[in-house]
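Residue strings, one per chain:
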Amino acid sequence: MASLEASLAEYIQLKMPAAAEIRVDQLEQISGGASRQTYRFRLSYRDRGQARERRLILRRDPSASLIDTDRKIEFAAYKAFFGTSVPVPEVLWLEDDARHLGSAFFIGVEMTGFQTSPARILMEPYAAHHQKIADQKWSILGAIAAADPAKLGLVGTMESVAPDQCWKRELDYWEGVLDSDELIPQPIMRAAIRWMRRNPPPPAQKVGVVHGDYRTGNFLFDEDGRIHGILDWEMAHLGDPLEDLGWSLNRVWCWAHDDRRGGLIPRDQAIAIWEKASGLKADPDALHWWELFATVKGQGIWVSSAHAWETGENKDPILVLSSWALMNSQDRAALELMGHLQ
Amino acid sequence: MRPRVETVFQVMAADLIGRVIPAIGSSYHQGTIGMVAALFGIVSEEWDRAASRRVEENDRLRELFRESAPAVNDPSLRTRLLKLAETRDRDFHISALENNNCALRAALIELHTHVELHTSAEARHVEDAIWAELAKSTERRRLMSAQF
């Protein structure tokens, strides 16, 4: 059986037929979101006699993952936003045929020298730049909300939805995840879902691109507090832009163990930055609904990760850790939003 | 078991973080061991309280069902709640306590759904008691390392 390096080199030769002496080395698995196996590697080749080298990323489907996602949508989102005011890494090739590397995958360009870790962002020198990071974080989210999915070429790739159906489609989906994957009853989440169905939000101001997992931990930042890339678009879809804002404010991302959202700034400040950048209004009642939805979606992910570990072949510790560490916090976040946290 | 399980896991977690992780070359494997250390930390915190918090919660839920029964005007649900209120934890294995807890929490969802639909003062009283118990249930499960 060929090594992953050899298989990668063989595949890239197919994509770059004019290149000579293609070689893949320095292959290393890295943490890169919970839904795909992520590797970095060095590609060396000769182009018209000139030696070339690129640092690339391989995102390969695992046997089971934290989130069931479609790699085509993730790839399309990266491609759509590349070169816009929403910084993303360049992606190169998408491959559905499992015969090349054992499962479907895509390859993109590695952005080197940056951090993503929420633990790191709390430390110096990054801690000195929290306001600057937050300004960019919620401004970029505003830019995603302001973007036109049709102009980005994402309509058709991503399933369309009517403005008054955004909430229902998402809630139906994540309630379904709880129905199928919960290992223990979830009385707090079930109460939240009943309340949400009795009190639906107004129709979306616009149907936009929703990143789906926009939070501290899913962007690349440097020592000067600059954000260089938004990552992990595996849950991207069309929907109400308030969904992303609500998710970004989720209490489980309060990494500093205080009220600062994303471990960075207070909730109200984050909302103000987003409103300015998006040109949209974060209606308090509508945003409250989407923040509560974020707790249901979060619990859906933690529940399905526990289910995947217990019933599947994937025994990655992140599946257990996310479940053990976050489920109760997610319940508490829902209780707080419903006014029942003592 | 001596040394105490929670202490062993605490020390092992600290050892993984302080001694093992720095000796690992791959950042991916460092991350994996970091997660294992975090899991050890959670086990150390949960170990000693695991049975106690389940017994406490199961008793509280049975008490809640007993108190709530008069406000339930669905005879079938009322009968099931009263029946559950009469159960007891006799097997103190965590798995057995957990099974009982699941049955009780599933019934709690039914009770909650039922009283939400009624406007009587009794129903509101039961609903308040349910919310109070749900808040208490998250206190019982709370981890020191939790963000919230």
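Predicted model, so just to flag it, every value in this text is computed and none were measured. (Residues numbered from 1 in each chain as written. Chains lettered and ligands numbered in written order. Predicted model: local features only at pLDDT ≥ 70, side-chain atom pairs only at ≥ 80, totals over all residues.)

## Digging into the overall build of chain B
Using the following cut-off: A run of DSSP states H or I qualifies as a helix once it reaches four residues; a run of E qualifies as a strand once it reaches two. Both are numbered from the N-terminal end. The quantity called the radius of gyration is restricted to C-alpha atoms. Its globule counterpart is 2.2 Å times the number of residues to the power 0.38. Between the buried cut of 20 or more and the exposed cut of 12 or fewer other C-beta atoms within 10 Å of a residue's own C-beta lies the partly exposed class, and all C-beta atoms are placed from the backbone. What counts as a contact here is a pair of residues whose C-beta atoms, placed from the backbone, lie within 7 Å.
In terms of regular secondary structure, chain B is built from six helices and zero strands. Counted from the first residue to the last, chain B has its helices and strands arranged as α-α-α-α-α-α. Computed over the C-alpha atoms, the radius of gyration of chain B is 21 Å, more than 25% above the 15 Å expected from 2.2 N^0.38 for a compact globule of 148 residues. Dimensions of chain B along its principal axes, counting C-alpha atoms only, are 65 × 30 × 20 Å. Looking at the 148 residues of chain B, the share that counts as buried comes to 26%. Long-range pairs, those at least 24 residues apart, make up 62% of the contacts in chain B between residues at least 6 apart in sequence.

## Some details on the interface of chain A and chain B
What counts is decided by this rule: Lys, Arg, Asp and Glu make up the charged group, whereas Ala, Val, Leu, Ile, Met, Phe, Trp, Tyr, Cys and Pro make up the nonpolar group; the residues left over, Gly among them, are polar.
Listed per partner, the contact involves 31 residues of chain A and 29 residues of chain B. Elements represented by at least two residues in the side of chain A that touches chain B include exactly strand E1 (20-30), helix H6 (187-198) and helix H10 (317-337) of chain A. Broken down by element, the side of chain A that touches chain B gets its largest block of residues, 12 residues, from H10 of chain A. Along the lines of polarity and charge, the residues of the side of chain A that touches chain B split into 18 nonpolar, seven polar and six charged.

## Focus: the packing of H10 of chain A against helix H6 (residues 121-141) of chain B
To be explicit about the condition: An axis is simply a line fitted to the C-alpha atoms; with a helix, the fit covers only the stretch in contact. Between two such axes, the angle follows the N-to-C directions and lies from 0 to 180 degrees. When describing relative orientation, an angle under 35 degrees is termed roughly parallel and one over 145 degrees roughly antiparallel, while 65 to 115 degrees is termed roughly perpendicular and anything else oblique. Left-handed describes a crossing in which the near helix is turned anticlockwise from the far one by less than a right angle; the clockwise case is right-handed.
Contact pair H10 of chain A / H6 of chain B: the axes reach a minimum separation of 10 Å and the direction vectors enclose 150°. One finds that H10 of chain A runs roughly antiparallel with respect to H6 of chain B. Two packed elements cross with a definite hand, and for H10 of chain A against H6 of chain B that hand is left-handed. Only Leu134, Ala135, Thr138 and Arg141 of chain B of H6 of chain B make contact with H10 of chain A, whose side of the interface consists of Asn328, Asp331, Arg332 and Leu335 of chain A. Looking at the contact of H10 of chain A with H6 of chain B residue by residue, the class counts come to three nonpolar, two polar and three charged.

## Concerning the domain arrangement of chain A
Residue and element names in this part refer to chain A. In plain terms, the rule: For each domain, the first and last residues come from an automatic or database assignment.
Here chain A is partitioned into domain 1 (7-109) and domain 2 (118-337). If you average the C-alpha positions of domain 1 and of domain 2, the two centres end up 26 Å apart. Contact with domain 1, which involves 22 residues of that partner, is made by 27 residues of domain 2.

## Describing the pairing of strand E2 (residues 37-47) of chain A
Residue and element names in this part refer to chain A. The cut-off we apply is this: Only when DSSP finds a minimum of two bridges between them are two strands counted as paired.
Relative to E2, E1 runs antiparallel, the two sharing seven bridges. Within E2, the position partnered with isoleucine 30 by the bridge is threonine 38. Here E2 runs beside strand E3 (residues 50-60); their pairing, made up of 11 bridges, is antiparallel. For arginine 42, the partnering residue across the bridge sits in E3 and is arginine 55. Where E2 folds back onto E3 in an antiparallel hairpin, the turn is made up of two residues, including arginine 48, whose phi is positive at roughly 50°.

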